[in-house]
Amino acid sequence: MLWTQVRSWAKEKGYTTFREKTKDEDNSYDYYWSKDNDPTATGLSISVSKLAKDIYNHITDNKFIDYQAAYQLNKEDPTFSLSDYGN
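Parameters at a glance
Residues numbered from 1 in each chain as written. Predicted model: local features only at pLDDT ≥ 70, side-chain atom pairs only at ≥ 80, totals over all residues. Heavy atoms only, no water. Helix = DSSP H or I, 4+ residues; strand = E, 2+ residues; numbered from the N terminus. Buried < 20%, exposed > 50% of the residue type's maximum accessible area, 1.4 Å probe, protein only. Polar contact = N/O pair within 3.5 Å; in protein donor to acceptor, adjacent residues only side chain to side chain. Phe/Tyr/Trp six-rings, centres within 6.5 Å; stacked < 30°, edge-to-face > 60°. Lys NZ or Arg CZ within 6 Å of the ring centre and 35° of its normal.

A. Structural detail: the environment of S47. Locating S47 in the fold gives a position in the loop between β3 (38-45) and α2 (48-59). Judged by its relative accessible area of 21%, S47 falls in the partly exposed class. Sequence separation between S47 and W3 is 44 residues; the distance between their C-alpha atoms is 9.1 Å. For S47, the side chain forms a polar contact with the side chain of S49, separated by 3.3 Å.

If you want it as structure tokens, here you go:
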């Protein structure tokens, strides 16, 4: 997911977003968002994907947070080892 894509999508939905470079790393950013017509609806995200998820959860009034948490718990670990291939 690209920052420009999420920013454009958020703007279509009535949100303002911006990013600020962190002091920790060269290519690391903090992402801020706010709802244009609601000054109390704001947030800080540490990645582009989390920014998109935070805005989506605000749009849907947090309806799918339980589903998102269950998905994170149940997703498979994609790591493999030599023993997985037999011999």
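B. A look at the packing of aromatic side chains. Counting across every chain of the model gives five aromatic pairs. Relative to Y31, the ring of W3 lies with its centre 5.4 Å away and its plane at 45°, an arrangement referred to as tilted. Pair noted here: W3 is in helix α1 (residues 3-12) and Y31 is in strand β2 (residues 29-35), with a separation of 28 residues, a long-range link. A relative accessible area of 11% means that W3 is categorised as buried. Seen from their ring centres, Y29 and Y31 are 6.2 Å apart, and the 45° between their planes marks the pair as tilted. Overall, Y31 belongs to the buried group, its relative accessible area being 7%. Between the NZ or CZ atom of R19 and the centre of the ring of Y29, over which it lies, the distance is 4.1 Å.

From the geometry alone we can't say anything about function, so treat these as descriptive.
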